[in-house]
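# What the coordinates show
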Amino acid sequence: MIQDFKCTYGNSAGIREAVTNQTNLAFPDAYKHAETMAELAQVLKECDKAPFCELPFCHTVEAEAMGGIINYGNEKTGPRAKEYLCTDIEEILELPAIDFEKGRIQEVLKACRILYEKGEHIVFEVSGPLTILNVLIDPKYVFKGMRKKPELMARIFAKLGKEILAYMKLAKEQGADFISYADSSGGVNILGPKMAEQMVNLFTYDFVKHAGKLADEHTMILLCPKTTFALLGTGKAKLIDCQIHDDRSQEEDSLSYAEACIRMKGKIRFAGQMCIKNLDYRMKNGIMKEVHIL
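Bear in mind the structure is a predicted one, so any value in this text is a computation, not a measurement.

## Let's talk about the pairing of strand E9 (residues 287–293)
- Within E9, five of the seven residues are buried, which leaves the element mostly enclosed by the surrounding structure.
- Across seven bridges, strand E7 (residues 237–243) lies against E9 in antiparallel orientation. Paired with Leu-239 across the strands is Val-291, a residue of E9.

If you want it as structure tokens, here you go:
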């Protein structure tokens, strides 16, 4: 069963507490450099008593690397879109490919390597195409394009999907053992049932099949529950019960979802039962749900 969730990790209150009590980091500068990103990620881990570090601290990194205009915020509000770069959906196709060797996106990857070399478990978040587009262009043009120009949108999604997969591959190479894929702007509550199904058929199903090739004994792919729900609802995936251990114990029943993911890394490819940020959720009966893509 897909669980409702609340996101607790890396929130603005946690950042304020980290800055006030444990660091001398200055914002927004701390969001821009690998060393300070890594330091902040570790402090947030300690504040939230999480078993992992999380990178990055916003959902604007990919869009910025394509030319998006970003307000870097401060310790209370993280980076966010400042103004739209494009006024016509077709302009997205003209944007440059991401250069992963410069800018903030390079620093995020470097921060991942720093944390890996310190022995940390790393949840590396990547954004889906609708979330990226939400930074680059007014969403009304995206929704209009999906209704009236699905072939054009398929080309745009293919362009963005290529960039996202390249980013995921580099995160894996830099030591991320959990790559979390979320497209918060693409939930059925925003798109509606018909457009959500269209999104699965135009992009999500093929994308996750390609992303799944990155999963191995070192890496697990985490799907946002909204993405999992969309795949299940369109018949593109099913949930499979996986025993966390052959011999159940009281300890297994008390595992958090994040701890269960760490224990099951290398045993399942996709997890998407709930949001990894819900640190309070405990596993039941020693069972973890694998998202099996059909």
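More follows now that the structure is in view.
## Quick notes on the packing of aromatic side chains
- Summed over all chains, the structure comprises seven aromatic pairs.
- Both rings, one in Phe-124 and one in Tyr-167, keep their centres 5.2 Å apart while their planes meet at 75°; by these two values the pair is edge-to-face. With a gap of 43 residues between them, Phe-124 in strand E4 (residues 122–127) and Tyr-167 in helix H7 (residues 150–173) connect regions that are remote in the sequence.
- Judged by relative accessible area, Phe-124 falls into the buried class, the value being 0%.

## Concerning helix H6 (residues 139–148)
- The complete set of buried residues in H6 reads Val-142, Gly-145 and Met-146. Looking down the long axis of H6, one finds its buried residues gathered within 100° of arc, a one-sided arrangement. Every exposed residue of H6 that faces more than 90 degrees away from the buried side is listed here: Lys-140, Arg-147 and Lys-148.
- On the buried face of H6, the contacting elements are helix H5 (129–136), H7 and helix H9 (193–211).

## Observations concerning the pattern of salt bridges
- Under the counting rule described, the total for this entry stands at 12 salt bridges.
- Between Glu-125 and Lys-277 there is a salt bridge, with its nearest N and O atoms 3.1 Å apart. Of this pair, Glu-125 sits in strand E4 while Lys-277 sits in the loop between strand E8 (270–271) and E9, placing them 152 residues apart in sequence.
- You can call Lys-277 buried: its relative accessible area is 14%.
- Overlapping salt bridges bring together Glu-54, Glu-125 and Lys-277 as one network.

## Considerations on the side chain of Ser-127
- Along the chain, Ser-127 turns up in strand E4.
- Those residues in contact with Ser-127 that lie beyond four places of it in its chain are His-59, Glu-62, Ile-132, Ile-164, Tyr-181 and Ala-182.

## Things to note about the confidence of the model for the protein chain
- In the predicted model, the protein chain carries a mean pLDDT of 88, and the fraction of residues at 70 or more is 89%.
- For the protein chain, helix H11 (residues 250–253) is the element with the lowest average pLDDT, namely 54, and helix H4 (residues 103–117) is the one with the highest, namely 98.
- Overall, residues 1–10 carries pLDDT values under 50, and its contacts beyond four positions in sequence, including any with other chains, amount to 40 contacts.

The rules we used
Residues numbered from 1 in each chain as written. Predicted model: local features only at pLDDT ≥ 70, side-chain atom pairs only at ≥ 80, totals over all residues. Heavy atoms only, no water. Buried < 20%, exposed > 50% of the residue type's maximum accessible area, 1.4 Å probe, protein only. Helix = DSSP H or I, 4+ residues; strand = E, 2+ residues; numbered from the N terminus. Pairing = 2+ DSSP bridges. Phe/Tyr/Trp six-rings, centres within 6.5 Å; stacked < 30°, edge-to-face > 60°. Arc of directions from axis to C-beta. Contact = heavy atoms within 4.5 Å. Salt bridge = Lys/Arg side-chain N within 4 Å of Asp/Glu carboxyl O. pLDDT = per-residue confidence, 0-100.

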